[in-house]
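Residues per chain, in single letters:
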Amino acid sequence: MVADLLAPARIVAPAGWNRWLVPPAALAVHLSIGQVYAWSVFKPPLEGALGLSGTLSALPFQLGIVMLGLSAALGGTLVERRGPRWAMTVSTTCFSLGFLLSSLGVSLGQYWLVVFGYGFVGGIGLGIGYISPVSTLIKWFPDRPGMATGIAIMGFGGGALIASPWSTQMLEAFGTGRSGIALTFLVHGLVYGVFMSLGVALVRVPPQDWRPAAAPKQVARPLITTANVAARNAVRTPQFWLLWVVLCCNVTAGIGILEKASPMIVGFFAESSTPVATGAAAGFVALLSLTNMAGRFIWSSTSDIFGRKNIYRFYLGGGVLLYLAIMLFGATGVPVFVLCAMLILSFYGGGFATIPAYLKDLFGSYEVGAIHGRLLTAWSVAGVLGPLIVNAIADVRKAAGAIGPDLYTTSLYIMIGLLVVGFVANELVRPVNPRFHEPATGGAR
């Protein structure tokens, strides 16, 4: 059955194939692997059942994110060569197996098996699954690459909105002891395996030289190339590293708020006339998740109209203004703080969804998935840098006796500085030198 699904005749779309079947295939994978953002649901039960500290209970998530970046960077070229169905099959196998190993680990009381299963094996599924549909979507939607990748990557941002309440309900039904957690992991592995397999069955690549029949007229832009650059050459260009800086700065500015959202809004208004309760802070986190997800589709689709460089000017320049607004006016009222944070998180999500189309504009569609995988190392750096900046400075300021907004003022200044760096890097992006292009007779696939 697996060999049949992976047969070349089943991968290339037949004549008349509806390209709108490909985004749901990508969503089936991304909505599943987006579960990683809901890991916090399992932390308290694991700590109670296995006697873990908060630091230890975070290890599967941390290793999963590390493996996401590494597997995307190291496996990107293989994904391009083998195609999306192979990649989605690997992702499905690893992600589901990770849950099954975790179930076994909890049953046996062997936490190292949970870390290995969910973090290492499942993390490989995260990375390969994240990049698996990117190149294919861009080839099916050359007229709207931002919208196409936005649909898929929106699923990764929204996966936790499904996984969090679903996991909570299962733990309530099965119990939070070892047997209940193990059974919850087992159900996750089986259900996600079936759901992701739908994506494997649906995905197709377009025939050679396929173009949409009624593509809208494209506005000529100097940063959109008709040539192709291989991944091995892309990393030698200044454009790749400029976009690496752009993505790293944009993600750092967003993830710093996302990781500390609940305690940040509580602390910001702790000494004000309108303190924020814990329940309201949880609602704030949910709002940020929604805007993170919505921004991935709305802003990336908008980039098809206004161009990728312009939309990143909007993300980065707008982020500077929003952080300034938080510093100057955020303490005057909760609505101002919430609105600014929501917009910042929409730019954070939009940056993730727009970057594959930006890479396609500069390097062509030949190995854009592999190039995207290498660029995601910027996410790994930002994922450490953003929370470290906000948490470390807040701890130091708290030890010095600071309260309220003073806990975060220095962090906000740093975020503004990083966004300015990203803005400058984006301004320096120019078309790729033709010496890096693939020969005209090859490359494009």
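Since the model is a prediction, treat every value here as computed from it, not as a measurement.

Student: Run through the overall build of the chain, naming residues and quoting values.
Tutor: Check the secondary structure of the chain and you find 20 helices and 0 strands. Taking all 445 residues of the chain together, 56% fall into the buried category. Within the chain, the 15 negative side-chain charges are centred at a point lying 8 Å from the centre of the 27 positive side-chain charges.

Student: A description of the pattern of salt bridges should follow, citing residues and the corresponding values.
Tutor: Here the structure, examined in full by the defined rule, presents 7 salt bridges. The shortest N-O distance in the salt bridge between Asp304 and Arg308 comes to 2.7 Å. Summarising the burial analysis for this pair, Asp304 and Arg308 share the class buried. Each of Arg19, Asp143 and Arg144 takes part in one network of salt bridges that share partners.

Student: Give a description of the domain arrangement of the chain that names residues and reports values.
Tutor: Assigned domains within the chain: domain 1 (1-202) and domain 2 (231-436). The straight-line distance from the C-alpha centre of domain 1 to that of domain 2 is 24 Å. Contact residues are listed per partner, giving 29 residues for domain 1 and 30 residues for domain 2. Each partner contributes to the roughly 2,400 Å² buried at the junction of domain 1 and domain 2, and carbon and sulfur atoms together form 68% of this total. On the domain 1 side of the interface with domain 2, the three residues burying the most area are Ile138, Met154 and Leu161, jointly 18% of the side's total. Among the elements that make up the side of domain 1 that touches domain 2, the one with the highest residue count is helix 10 (residues 145-174) (12 residues). In terms of residue class, the side of domain 1 that touches domain 2 is made up of 17 nonpolar, 9 polar and 3 charged.

Student: Which residues make up the packing of helix 6 (residues 59-82) against helix 18 (residues 368-375), and what values go with them?
Tutor: Helix 18 packs onto helix 6 with a crossing angle of 170 degrees between their chain directions and a minimal axis gap of 7 Å. On the basis of their axis angle, the class for helix 6 and helix 18 is roughly antiparallel. Contact residues: helix 6 offers Gly69, Ala72, Ala73, Gly76, Thr77 and Glu80, while helix 18 offers Val368, Gly369, Ala370, Gly373 and Arg374. Its residues assigned to classes, the contact of helix 6 with helix 18 shows 4 nonpolar, 5 polar and 2 charged.

Student: Can you tell me about the side chain of Arg308, naming the residues and giving the values?
Tutor: Considering the arrangement of structural elements, one finds Arg308 in helix 16 (residues 308-329). Contacts of Arg308, omitting those with residues within four sequence positions, involve Pro145, Gly146, Ser303, Thr354, Ala357, Tyr358 and Asp361.

Student: Give me the lowdown on the packing of aromatic side chains, citing residues and values where you can.
Tutor: Tallied over the full model, the rule gives 27 aromatic pairs. Ring geometry for Trp20 versus Phe141: centroids 4.9 Å apart, planes at 70 degrees, classification edge-to-face. Residue Trp20 is found in the loop between helix 2 (8-11) and helix 3 (22-33), and its partner Phe141 is found in the loop between helix 9 (134-140) and helix 10; the two are separated by 121 residues along the sequence. Seen in terms of ring centroids, Phe314 and Phe347 are 4.9 Å apart; in terms of plane orientation they differ by 65 degrees. Their pairing is edge-to-face. In this pair, Phe314 is assigned in helix 16 and Phe347 in helix 17 (residues 334-363), connecting sequence segments 33 residues apart. A relative accessible area of 35% places Phe314 in the partly exposed class. Residue classification places Phe347 among the buried residues on the basis of a relative accessible area of 5%.

Student: Which residues make up the packing of helix 7 (residues 84-108) against helix 8 (residues 111-131), and what are the values?
Tutor: It is at 7 Å that the axes of helix 7 and helix 8 come closest, and there the two elements cross at 165 degrees. Comparing their axes, helix 8 and helix 7 come out roughly antiparallel. At the point where helix 7 passes helix 8, the crossing takes the left-handed sense. Residues that form the contact of helix 7 with helix 8 fall into these classes: 17 nonpolar, 8 polar and no charged.

Student: Kindly report on a nonpolar patch on the surface, identifying the contributing residues and their values.
Tutor: Judged by side-chain polarity, Leu97, Leu100, Phe174, Leu183, Leu186 and Leu190 come together as a nonpolar surface patch covering roughly 460 Å² of accessible area. Those elements giving two or more residues to the nonpolar patch turn out to be helix 7 and helix 11 (178-202). Looking at the nonpolar patch element by element, the count peaks at 3 residues for helix 11. Relative to the helices and strands, Phe174 is located in helix 10. Using a relative accessible area of 35% as the deciding quantity, one classes Phe174 as partly exposed.

Student: Explain helix 11 to me, and be specific about the residues and the numbers.
Tutor: In an α-helix there are 3.6 residues to a turn, and that puts residues three or four apart on one side. With 25 residues, helix 11 extends 37 Å between its outermost C-alpha atoms, agreeing within 8% with the 36 Å of an ideal straight helix rising 1.5 Å per residue. Inspection of helix 11 places Gly180, Ile181, Ala182, Thr184, Phe185, His188, Gly189, Tyr192, Gly193, Met196, Gly199 and Val200 among the buried residues, and these make up the whole buried set.

Student: Describe in detail the environment of Pro84, supporting the description with residues and values.
Tutor: Secondary-structure assignment places Pro84 in helix 7. For Pro84, a relative accessible area of 5% corresponds to the buried category.

Student: I'd like a description of the nonpolar core, backed by residues and values.
Tutor: Most often, soluble globular proteins have nonpolar side chains that are buried together. Judged by nonpolar contacts, the single largest core of 116 residues is most densely connected at Tyr130, Tyr323, Phe363 and Trp379. Sorting elements by how many residues they give to this core places helix 17 first, with 15 residues. Residue contacts for Tyr130: discarding those within four places in its chain leaves His30, Ile33, Ile153, Phe156, Arg296, Phe352, His372, Leu376 and Trp379. Counting residues in each nonpolar core, the second largest holds 11 residues, with Ala13, Trp140, Ala148 and Ala152 among its members.

Student: Explain the environment of Gly127 residue by residue, including any values.
Tutor: Tracing the sequence through the fold places Gly127 in helix 8. In this structure, the C-alpha to C-alpha distance between Gly127 and Leu376, residues 249 residues apart in sequence, is 9.3 Å.

Student: Give me the environment of Val121: which residues, what numbers.
Tutor: Considering the arrangement of structural elements, one finds Val121 in helix 8. Judged by its relative accessible area of 11%, Val121 falls in the buried class. Counting along the chain gives 18 residues from Val121 to Ser103, while the straight-line C-alpha distance between them is 13 Å. Other than its neighbours up to four places away in sequence, Val121 contacts Cys94, Leu97, Gly98, Leu101 and Phe116.

Scoring rules and cut-offs
- Residues numbered from 1 in each chain as written.
- Predicted model: local features only at pLDDT ≥ 70, side-chain atom pairs only at ≥ 80, totals over all residues.
- Heavy atoms only, no water.
- Helix = DSSP H or I, 4+ residues; strand = E, 2+ residues; numbered from the N terminus.
- Buried < 20%, exposed > 50% of the residue type's maximum accessible area, 1.4 Å probe, protein only.
- Lys, Arg positive; Asp, Glu negative; His and termini not counted.
- Charge placed at Lys NZ, Arg CZ, Asp CG, Glu CD.
- Salt bridge = Lys/Arg side-chain N within 4 Å of Asp/Glu carboxyl O.
- Domains from an automatic or database assignment.
- Contact = heavy atoms within 4.5 Å.
- Buried area = accessible area lost by both parts, 1.4 Å probe.
- Nonpolar A, V, L, I, M, F, W, Y, C, P; charged D, E, K, R; others polar.
- Axes fitted to C-alpha atoms, helices over the stretch in contact; angles between N-to-C directions.
- Parallel < 35°, antiparallel > 145°, perpendicular 65-115°, else oblique.
- Phe/Tyr/Trp six-rings, centres within 6.5 Å; stacked < 30°, edge-to-face > 60°.
- Left-handed = near helix turned anticlockwise from the far one by under 90°.
- Patch = residues over 30% accessible without salt bridge, like charges linked within 9 Å, V, L, I, M, F, W, Y side chains within 5 Å.
- Areas by Shrake-Rupley, 256 points an atom, 1.4 Å probe, with all protein chains shown as cover.
- Expected span 1.5 Å × (residues − 1).
- Core = buried A, V, L, I, M, F, W, Y, C linked by side-chain atoms within 4.5 Å.

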